[in-house]
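# Structure at a glance
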Amino acid sequence: MADRATFGSRGGAATSSPAPFRNISDAWRILVVEGSKADRAILTEALERHGHDVDAVDSGGEALVWFETADLVLLDLDLPDLDGLEVCREIRAASDIPVITVTSRGSELDCVLALQAGADDYVIKPYGVRELMARLDAVMRRARRTRYADVGGDGGAVLEHGPLRIDSDSREVEVSGRPVPVTRKEFDLLALLASAPGQVISRESIMREVWGESWSRRTVDTHVSSLRSKLGGPEWIVTVRGVGFKLRNMR
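Small disclaimer: the values here were computed from a predicted structure and weren't measured.

The next thing to look at is the overall build of the chain. Summing up its helical and strand segments, the chain has eight helices and 14 strands in all. Taking all 251 residues of the chain together, 48% fall into the buried category. Here the analysis covers contacts within the chain between residues at least 6 apart in sequence; of these, 61% occur between residues at least 24 apart. Accessible area for the chain stands at about 11500 Å²; split by element, carbon and sulfur atoms hold 50% of it.

What follows is about helix H3 (residues 84–94). Buried within H3 we find Gly 84, Leu 85, Val 87, Cys 88 and Ile 91. One face of H3 carries all of its buried residues, which in axial projection span an arc of 160°. Buried-residue contacts for H3 involve helix H2 (60–66), strand E4 (72–76), strand E5 (99–103) and helix H4 (108–116). In this structure Asp 83 caps H3, since a side-chain oxygen of it lies 2.9 Å from the backbone nitrogen of Leu 85.

Attention shifts here to the sheet that holds strand E3 (residues 53–57). Spatially, five strands are ordered E3-E2-E4-E5-E6 in an open sheet, and the strand pairing comes out parallel. Each edge of the open sheet carries a strand with a single partner, namely E3 and strand E6 (121–124). Sheet twist, expressed as the average angle between the axes of neighbouring strands with direction ignored, equals 20°.

Another point: the sheet that holds strand E14 (residues 244–247). The three strands lie next to each other as E12-E14-E13, forming an open sheet whose pairing is antiparallel. Of all the strands in the sheet, the pair left with one neighbour each is strand E12 (201–202) and strand E13 (237–240). Where E12 meets E14, two bridges bridge the pair, whose relative direction is antiparallel. Looking at E14, one finds that Ser 202 is bridged to Gly 244. Contacts between helix H8 (residues 217–231) and the sheet are confined to E13 and E14, with E13 contributing the most and set at about 145° to the helix.

What follows deals with the nonpolar core. In this structure, Leu 164 and Ile 206 are the most contacted members of the largest nonpolar core, which totals 27 residues. Residue contributions to this core peak at seven residues, all from helix H6 (residues 184–194). Dropping the residues within four chain positions of it, Leu 164 is found in contact with Leu 159, Val 173, Glu 174, Val 175, Leu 190, Leu 231, Trp 236 and Leu 247. Listed in part, the 20 residues of the second largest apolar core include Leu 31, Val 33, Ala 114 and Ala 119.

Once that is clear, we can look at the pairing of E4. For E4, the buried fraction is high: five of the five residues fall into the buried class. Residues Leu 72, Leu 74 and Asp 76 of E4 are buried on one face, and the alternating residues Val 73 and Leu 75, pointing to the opposite face, are buried as well. Where strand E2 (residues 29–33) meets E4, four bridges bridge the pair, whose relative direction is parallel. Opposite Leu 31, over in E4, you have Val 73 as the bridge partner. Taking the sense of rotation as the criterion, the β-α-β connection linking E4, H3 and E5 turns out right-handed.

Attention now goes to the side chain of Lys 125. If you trace the backbone, Lys 125 turns up in the loop between E6 and strand E7 (127–128). Only 3.1 Å separates the side chain of Lys 125 from the side chain of Glu 34, close enough to count as a polar contact.

Structurally, Leu 74 is set in strand E4. A residue is classified by how much of its surface remains accessible, and Leu 74, at 1% relative accessible area, is buried. When the C-alpha positions of Leu 74 and Asp 121 are compared, they lie 9.7 Å apart, and in sequence the two are 47 residues distant. Once you skip the residues sitting within four places of it in the chain, Leu 74 turns out to touch Ile 30, Leu 31, Val 32, Val 33, Leu 43, Leu 47, Ile 100, Leu 132 and Leu 136.

Time to look at the confidence of the model for the chain. Residues with a pLDDT of 70 or more make up 82% of the chain, whose mean pLDDT is 81. Model confidence for the chain, summarised as mean pLDDT per element, is weakest for strand E1 (residues 6–7) at 59 and strongest for E4 at 95. When the criterion is pLDDT under 50, residues 1–5 qualifies, and its contacts beyond four places in sequence or with other chains add up to 16 contacts. For residues 148–155, every residue scores under 50 in pLDDT, and the model assigns this stretch 13 contacts once sequence neighbours within four places are set aside.

Thresholds, definitions, all that
Residues numbered from 1 in each chain as written. Predicted model: local features only at pLDDT ≥ 70, side-chain atom pairs only at ≥ 80, totals over all residues. Heavy atoms only, no water. Helix = DSSP H or I, 4+ residues; strand = E, 2+ residues; numbered from the N terminus. Buried < 20%, exposed > 50% of the residue type's maximum accessible area, 1.4 Å probe, protein only. Contact = heavy atoms within 4.5 Å. Areas by Shrake-Rupley, 256 points an atom, 1.4 Å probe, with all protein chains shown as cover. Arc of directions from axis to C-beta. Polar contact = N/O pair within 3.5 Å; in protein donor to acceptor, adjacent residues only side chain to side chain. Pairing = 2+ DSSP bridges. Axes fitted to C-alpha atoms, helices over the stretch in contact; angles between N-to-C directions. Core = buried A, V, L, I, M, F, W, Y, C linked by side-chain atoms within 4.5 Å. Right-handed = clockwise from strand over helix to strand, strands pointing away. pLDDT = per-residue confidence, 0-100.

In structure tokens form, the structure reads like this:
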């Protein structure tokens, strides 16, 4: 019983389970879009215990502002300002980011409408933490297979740049032998910069290669800032004002 947490239950109560061991390459930045304050807090805490970075908002308008900074969106369909299905459509029109809708609407028609709006999966409230984590893993496995299968150029490359080591097979990062937990988009961005150390890569190129057609200055800056912190200092990634970024030369 203690290994099941229930989200979106009528009573709002939840039991919690200890966070299982997770490979550091399975850490993601997740945007939680949840209209219920109680459910939002419980869900955020559970995801963080499982090793994920979480941003949480309570409206569709905020979701459309912040989704570009995430690896995956958990989208409540019952929002106070916008219809969740319309939010899902707008996210899908701008990006291929994985979206899992969560809702108390349990009919087959509701499920079909969510999938037609572009959702990758559909979860009905109340739902358990194990079910949610399994669905997250399944959706992200599919996303991983379709993007950056050969970041290093041959599908099995290991990029080494001074003490920095990037394994494109396991999608793991190390600095001086120390594992660095990175999200999916952070890995893609770092691998892109490391593929041409010392060479400036424009913001436009970064957005095109890592995020497709979805473009936002804030998106790049947020991920660069996070990577600098995780790698141990701002000197790793150099900002070239008005152009883009480069990985510093190791000489």
